[in-house]
Every structure is written in C-alpha cells, then in structure tokens.
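Per-entry structural report
One-letter residues, chain by chain:
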Amino acid sequence: MIQSTVDARRQLASQLDLSRRADLELLDRFDRWGTDLISALADVYDISEALPELLRIMAAQHNARSEDLRQRDRQRVLEPDWFQKPSTVGYVCYTDLFAKNLKGLNKRIGYLQEMGVSYLHLMPILKPRPGANDGGYAVMDYRALREDLGTMDELRSTAKKLHESGISLTLDLVLNHVAQEHEWAEKAKAGDKKYRDYFYVYPDREIPDQFEKSLTEVFPDFAPGNFTWDDQLNGWVWTTFNSYQWDVNWSNPVVFCEFADIIANLANHGVDCLRLDAIAFIWKRMGTQSQGEPEVHAITQAMRAFARILTPALIVKAEAIVGPAQVSAYFGEGERAGKVSDLAYHNTLMVQIWAAIAAKDTTLLERSLSRFTALPNTTAWAVYLRCHDDIGWAIDDTDAHSVGLNGHMHRMFLAEFFNGTFAGSDARGVDFQVDPVSGEKRTSGTAAALAGVQAALTAKDRVHLDIAIDRYLCAYGMVFGFGGIPLLYMGDEIGLLNDETYLKDPAKAADSRWANRPAMKWAAAERAATSLAADAPLAVYAEHRIRAGIQRLIEVRRALPSLHASVATQVSKAKQKGVVVFNRRHPAGHLVQVYNLSDQGRWIGGDELGGLHGLVTDHITGHSFDLSGGIPLAPYEARWLTN
Ligand code: GLC
C-alpha cells in the first residue's frame, strides 16, 4: 500500500530502468515535484486508491515518449520561462476554418512563422459527437481526431513540423464534461455501475432541485437548467452546458486517472499546452454555484505536477472566465502559489478594453485592474481581445458603484452599444443569451465588427474606416503590450467581419457565437501581407492596414525585453478622459505605454509617464522626441515609450 511520497517513489522506481538517462531524469523530477502531486491528491482523494494506477500510467507513458520530446523536456526544464518571453505570440484557430485539415495546416505554417507566431492554439480537434457539438466541446473520443481533420499520427507529425518552425502547439482539454455518446456514457447507459459513477446521476429531482437553488445557467436560452433526464440511465444527469454534454464526476479518483492518461497521451503526440476548458466547474458543492471550489485548484495542482514530472515540456492554461477576486487561485495562491495553472485568460482586461472604448472613459478600467494581486512570477496571462466565445459584460457592481456607475445599467449600455442599437454606436455585434428577467445579454461578433470596421466598410466611408482601424489597433496594442501571451484570434490580422452563414445551419443557428468564427479568407490574407496598390478597394485597404499594424506590434514586442511576463503591468488612468497608462517596471528597462481610447485628440503631461523624462523613443512609430512638454495623442493613438 502506498501511503507516502517515499512509498510512491519506490513503486515508480521499480517500474523504471535506472541505467537509462531518461528514467533517471524522470525520477529526479519526481523528487522535485512528487510532493506537489501527492499532497494535492491527498487533499481530494484517498491516495491509496489513486496512486498505484497513476504511477503505472506514468511509467507506461514515459516509455512511450519519443526521444524528440524527451529532448524538448530537457530544454524546457532548462528554460522554464519559454512561454513568458516577449517573443511568444499566440494565434488561435479552428483547423477546418483556417486550412481545411491538418494537411492544409502544415502548408500554412510558413504564414504563421512569417507573422512571428510562436504559439498556436488549434480549437477543438478531438472527435466530437455527431450533429450539434458546441463547437467541438462535446468530445466523444479523446484518442481520435475529428475525421475530416486528420488522424492522431498526423497530429503528431504536425506538432513536429510546428516545433521545427519554432511554434508550440496548444489543444483544448475538455474536462468538465464528455459527449453523451462517449464510451463512458454509453457504458453508464448500459447499466455498468463503474461507469455510472463517472457521472452525477440522480434517480429523481430531489437532489438536483437542491443544487439548482444556488447554481447559475450558462446557456439559459438553449440549455436551461443544469440537469437532463436520460431514459437509459433512468435518472437525471448533471449537464452544466448543453444537454448532450455530461458533467464528469471528478470526485471519483478513477476519473482523475483516466484524464491523467489522456493528458499524457496528448503530450506524447507533441502537445505543448492544454487549455483546461471550463475548469471552474469540475467540482460540485451543494449550496454553492459549484464554480472555483478549492478542490478545483487541488486537482489542477495534481495534474500540473503529474505533467511536470512526466512531460515537463507541457504547460496548462486555465479557461476560467471569472473576475479579479477569483482568477488568482487558478495560478495558485497561498501554499499552491505557482503550482496550479501556468496561464489563465485575462477576461477582465478584455471586457474593460471594450467597455472603455464604448464609454470613451478609462476610469472603470483602472478601477477593475487595480483589483488584481500579484501573480506568481513563473506564470503569465493569456491576453486577448476576441475569441470564439461571446463577451459576457462582467462589470462588477461594486467597482461600477465606486466610479459613479450603476452596474446593471452599465452592462445594459455595453450590450446595446455593441449590438449597435445605442445611438451613435458603430459596433455590429450580435446578442447572445438574453436574460428574460434582467434584460442583460452577452455579445457575439468579430473584433472588426465590434470596433466599427464592419460598419465603416458597409457605409463605404473612408474617414470613418480609418478611425475604426485606429481603434482596432489601439485595442490590439493593449493586448500585445500588457505582458503575457497575446492571442491573435484567426483572421483578426486582416480584420475578418461577422460571418452570417451559421444562421442557415440548424445545428448552429441558435448560437450566435458562430458569427465570430468566420473561415479564413486566404486571398485576402496573402494580399494583405504584400504591398498595397494605390487604387485598391476599401476592403483591401482595411485588410492591409490592419495586417501592417498587427505585424508592427508583433515586431516591436519581440524586441522589448521589458515585456517578459514575470513582471506585472501597473495600470493607471491619465488626467485626460479616455487615456490609460500601462507601466512596466522591468529590470531590463522601464516601458511606459499610453493609449487614447477616446475619439478626441488628447494630451498627456510629462509628469504622468511614470518617471520617464527627457528624450524618449516611441517604439511603435520609431520616433524619438523630448518629453518635457508632454505628448499629444491622436484619437485611438497608442505609444510604447522608453528612455
Ligand atoms: C468553454 C468554451 C466554450 C464552450 C464551453 C463548454 O467556455 O470556450 O466555447 O461552450 O467551454 O465546453
């Protein structure tokens, strides 16, 4: 029986061949991180149940790891900050929408490389259920790919090609739920007790009704409630998201071992980072919202330590769309500091950038960002402006109140500003999940649609278009300048507009998030990377300007050591309305960024620039000037300054 780290080490060693270098290295890593693994497991499970199987998986998957990947492990152990570097630039795409399939993607690696991308997130690629599958987030088989995209062997070879091109690979790990057609669910339906315990199943409404009292609804429009009756199970099964996505029972240690093996298998195919989808939801507790419970972080620490020991080239990213007070726990707080996720999405920054643009005011942005405590300096934010999901207007009531706003009214304003109904708005978002009681709603739409580029193009208005592009690039400037991995959502490098074709597909029509999942326009993308003809149509002009602006941000960022993620950005608003200052005090150099999120020219005084003085260089334009008289800022102008 394994009762301690010493017993576990002995058992692991007995399964290894210690005359081999790689096996000794594994044991060294166990010595370094074994306690993190075992203590976190012990916080949730009876370790004598979980550990023997976990150590067996570890030894087996270690033997299956290729020599190439072992070499990658060694590099990453020596360079653990690889993902924190300013040269890390992310790109996020659906394989089919980007290049049809993995074979097509292989041919586009050069495009990514040329742009300076070094981190690629391929959206759900594992085999989903047939029909509606929540954009691939209803996985039927974690050991096979969606058939039209390729095979697991092709995944391995794409990963290798990416690695050779200096690009790491991120995939989604959907771990809160599986498709109702997944083998585990099928076995549960067939009456297998072992597999019934992989899910939360209740014979009647008694317990579900008690849980419902404190749960929220993620998709109230098309998937109300958190439980679904299943005839074959003869019970109510927990389904936080859609009725076909069955929540997995993480209180069962066997489930932990199943996922540990899935993680190792993906890592052994060359995956460098796993996006832990909907991680907040994996632990259920009566009387709570069942989101972000302490066990979520213990389980993530155990997973993280497991990977650190077995496949140290792998990192994990928390997809926890939560506020400042909750998000730090996903990086680890207290005794878990730096032991949980390596990356987490900066949802607050994303929401606040858009909110400041709508209000032409940075007061709330400053207030919300002042809520963040320091992150472990081994971690990084995943910073983004748009993704494949909707934007929930996560304006905290207290923050709003403290700057003289009403939270509910401000959320209503933002939803109406971004769907274009607010007077004077040029945003072209689409509503998502309207709450019938409060009237509050979320917003879908591409960055270009939300920033006004789409409206300006429809109106064929060149002056308006230039303003909208400035706004777009200013917002992306904040993403590239904040520190952490900037994530460019596919097509945003040329400002793709909303795609309305989803409305014709019954499996997608109710879900407006498809508006912001357009297919790549390759002719436009290739054209935008070359020189612009003088008589080019407006749309081509827009694509070109956006591509050049994004390219500039990438290049400038790579050359600024002060953008290393180990140092946090301090955010303050300037005296003039709509202007925000990002201060990055890094030993490698002090970088001050200024953004004018208003449509008026502004001025910022020399005394507002965090102590920079005298001659400064603006890295975005490459111009140098004397700061003594302050600096003028054009509408939506961004400047990155150093002495
Ligand atoms: C995450 C995904 C979202 C999906 C949900 C359920 O939030 O980003 O697209 O619907 O998880 O898997």
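What counts, and at which threshold
- Residues numbered from 1 in each chain as written.
- Predicted model: local features only at pLDDT ≥ 70, side-chain atom pairs only at ≥ 80, totals over all residues.
- Heavy atoms only, no water.
- Helix = DSSP H or I, 4+ residues; strand = E, 2+ residues; numbered from the N terminus.
- Buried < 20%, exposed > 50% of the residue type's maximum accessible area, 1.4 Å probe, protein only.
- Contact = heavy atoms within 4.5 Å.
- Areas by Shrake-Rupley, 256 points an atom, 1.4 Å probe, with all protein chains shown as cover.
- Lys, Arg positive; Asp, Glu negative; His and termini not counted.
- Charge placed at Lys NZ, Arg CZ, Asp CG, Glu CD.
- Pairing = 2+ DSSP bridges.
- Near = heavy atom within 4 Å.
- Polar contact = N/O pair within 3.5 Å; in protein donor to acceptor, adjacent residues only side chain to side chain.
- Nonpolar A, V, L, I, M, F, W, Y, C, P; charged D, E, K, R; others polar.
- Expected span 1.5 Å × (residues − 1).
- Axes fitted to C-alpha atoms, helices over the stretch in contact; angles between N-to-C directions.
- Domains from an automatic or database assignment.
- Disulfide = S-S within 2.5 Å.
- Core = buried A, V, L, I, M, F, W, Y, C linked by side-chain atoms within 4.5 Å.
- Salt bridge = Lys/Arg side-chain N within 4 Å of Asp/Glu carboxyl O.
- Phe/Tyr/Trp six-rings, centres within 6.5 Å; stacked < 30°, edge-to-face > 60°.
- Lys NZ or Arg CZ within 6 Å of the ring centre and 35° of its normal.
- Parallel < 35°, antiparallel > 145°, perpendicular 65-115°, else oblique.
- Left-handed = near helix turned anticlockwise from the far one by under 90°.

1. Here we look at the overall build of the protein
From N to C terminus, the protein includes 22 helices and 25 strands. For the C-alpha atoms alone, the extent of the protein along its principal axes is close to 75 × 55 × 50 Å. Burial statistics for the protein: of 643 residues in total, 62% are counted as buried. Considering only contacts in the protein between residues 6 or more positions apart, those separated by 24 or more positions represent 70%. In the structure as shown, the protein presents an accessible area of about 23800 Å², 52% of it carried by carbon and sulfur atoms. Taking the average place of the 68 positive charges on the side chains of the protein and the average place of its 81 negative ones, the gap between the two points comes to 4 Å.

2. Things to note about the sheet that holds strand β9 (residues 235–238)
One open sheet accounts for three strands, arranged β7-β9-β8; its pairing is antiparallel. A single partner strand is all that each edge strand has here, and the edge strands are β7 (201–202) and β8 (227–230).

3. Some details on the site of the ligand
Taken together, Asp-134, Tyr-137, His-177, Phe-219, Phe-241, Gln-245, Arg-275, Asp-277, Glu-319, His-388, Asp-389 and Arg-513 form the complete shell of residues around the ligand. A distance of 2.7 Å separates an oxygen atom of the ligand from a polar atom in the side chain of Asp-134. One of the side-chain N or O atoms of His-388 is found 2.8 Å from an oxygen atom in the ligand. A total of 300 Å² of accessible area belongs to the ligand in isolation, and the protein chains cover 94% of it. The residue makeup of the shell around the ligand, split by class, is three nonpolar, three polar and six charged.

4. A closer look at helix α4 (residues 67–78)
In this model, α4 (12 residues) spans 17 Å end to end at C-alpha, consistent with the 16 Å of a helix rising 1.5 Å per residue. Within α4, the full set of buried residues consists of Leu-69, Arg-70, Arg-72, Asp-73, Arg-74 and Arg-76. Where α4 is buried, its residues contact α2 (21–44), α3 (47–64), α7 (152–164), β5 (168–174), α11 (253–267) and α12 (294–310).

5. Observations regarding the sheet that holds strand β25 (residues 638–642)
Read across the open sheet, the six strands follow the order β18-β19-β20-β25-β22-β23; overall the sheet is antiparallel. Strands with a single pairing partner mark the edges of an open sheet, and in this sheet they are β18 (570–573) and β23 (624–626). Neighbour-to-neighbour, the strand axes of this sheet turn through a mean angle of 30°, independent of strand direction. Alignment of β18 against strand β19 (residues 579–586), held across four bridges, turns out to be antiparallel. Within β19, the residue paired with Val-571 across the bridge is Phe-582.

6. Let's talk about the domain arrangement of the protein
Domain boundaries in the protein define domain 1 (183–247) and domain 2 (564–642). The C-alpha-based centres of domain 1 and domain 2 are spaced at 52 Å.

7. Things to note about the state of the cysteines
Inspection of the entire model under this criterion finds zero disulfides. The thiol sulfur of Cys-93 is not disulfide-bonded, and the nearest other cysteine sulfur, from Cys-387, lies at 14 Å.

8. Overview of the nonpolar core
Among the nonpolar cores identified, the biggest contains 199 residues, and Tyr-91, Phe-98, Phe-199, Trp-250 and Trp-354 are the most heavily contacted of them. When residues of this core are assigned to their parent elements, the largest contribution, 11 residues, is made by helix α20 (residues 462–481). Of the domains in this structure, domain 1 (183–247) and domain 2 (564–642) are the two that each give at least three residues to this core. Residues in contact with Trp-250, not counting those within four places in the same chain, are Tyr-45, Leu-175, Tyr-200, Val-255, Phe-256, Phe-259, Ile-282, Trp-283, Ile-299 and Met-303.

9. Thoughts on unusual backbone geometry
Of all residues except glycine, most have a negative phi; of all peptide bonds, most are trans. Phi is positive for Ala-278, which is not a glycine, with a value near 50°. Inspection of the secondary structure assignment puts Ala-278 in the loop between β11 (273–277) and α12.

10. Points about the pattern of salt bridges
For the structure shown, the criterion picks out 53 salt bridges. For Arg-336, the salt bridge identified is with Asp-43, shortest N-O distance 2.8 Å. With Arg-336 in the loop between α13 (324–331) and β13 (343–345) and Asp-43 in helix α2, this residue pair connects regions lying 293 residues apart in the sequence. By relative accessible area, which is 45% here, Asp-43 ends up partly exposed. Arg-74 is paired through a salt bridge with Glu-67; the nearest N and O atoms lie 3.3 Å apart. The class of Glu-67 is partly exposed, set by a relative accessible area of 48%. Each of Arg-21, Glu-25, Glu-67, Arg-70 and Arg-74 takes part in one network of salt bridges that share partners.

11. What about the packing of aromatic side chains?
For the structure shown, the criterion picks out 38 aromatic pairs. Here Tyr-202 and Phe-211 contribute two aromatic rings whose centre-to-centre distance is 6.4 Å and whose plane-to-plane angle is 50°, an arrangement assigned as tilted. The two residues Tyr-202 and Phe-211 agree in class, both being buried. What links up through ring pairs into an aromatic cluster is the set Tyr-45, Tyr-142, Trp-184, Tyr-195, Tyr-198, Trp-250, Phe-256 and Phe-259. Here the basic side chain of Arg-108 rests over the ring of Trp-522, its NZ or CZ set 3.6 Å away from the ring centre.

12. A closer look at the environment of Ser-168
One can find Ser-168 in strand β5. When the C-alpha atoms of Ser-168 and Ser-290 are compared, they prove to be 33 Å apart, with 122 residues separating the residues in sequence.

13. Points about the packing of α2 against α3
Interhelical geometry of α2 versus α3 gives an angle of 155° and a closest axis separation of 12 Å. With respect to α3, the element α2 is oriented roughly antiparallel. α2 and α3 meet at a crossing whose hand is right-handed. Together, Ala-22, Asp-23, Leu-26, Phe-30, Leu-37, Ile-38, Leu-41 and Ala-42 of α2 and Ile-47, Leu-51, Leu-54, Leu-55, Met-58 and His-62 of α3 make up the contact between the two elements.

14. Considerations on the environment of Arg-557
Structurally, the position occupied by Arg-557 is in helix α22 (residues 538–558). Look at Arg-557 and you get buried, because its relative accessible area is 0%. Arg-557 sits 470 residues away from Ser-87 along the chain, and the two C-alpha atoms are 7.1 Å apart. Once residues lying within four places of it in the same chain are set aside, the contact partners of Arg-557 are Lys-85, Pro-86, Thr-88, Val-89, Phe-480, Gly-484, Pro-486, Leu-563 and Trp-640. Within the structure, the side chain of Arg-557 is placed 3.1 Å from the backbone oxygen of Phe-480, a separation counted as a polar contact. There is a polar contact of 3.1 Å between the side chain of Arg-557 and the backbone oxygen of Gly-484.

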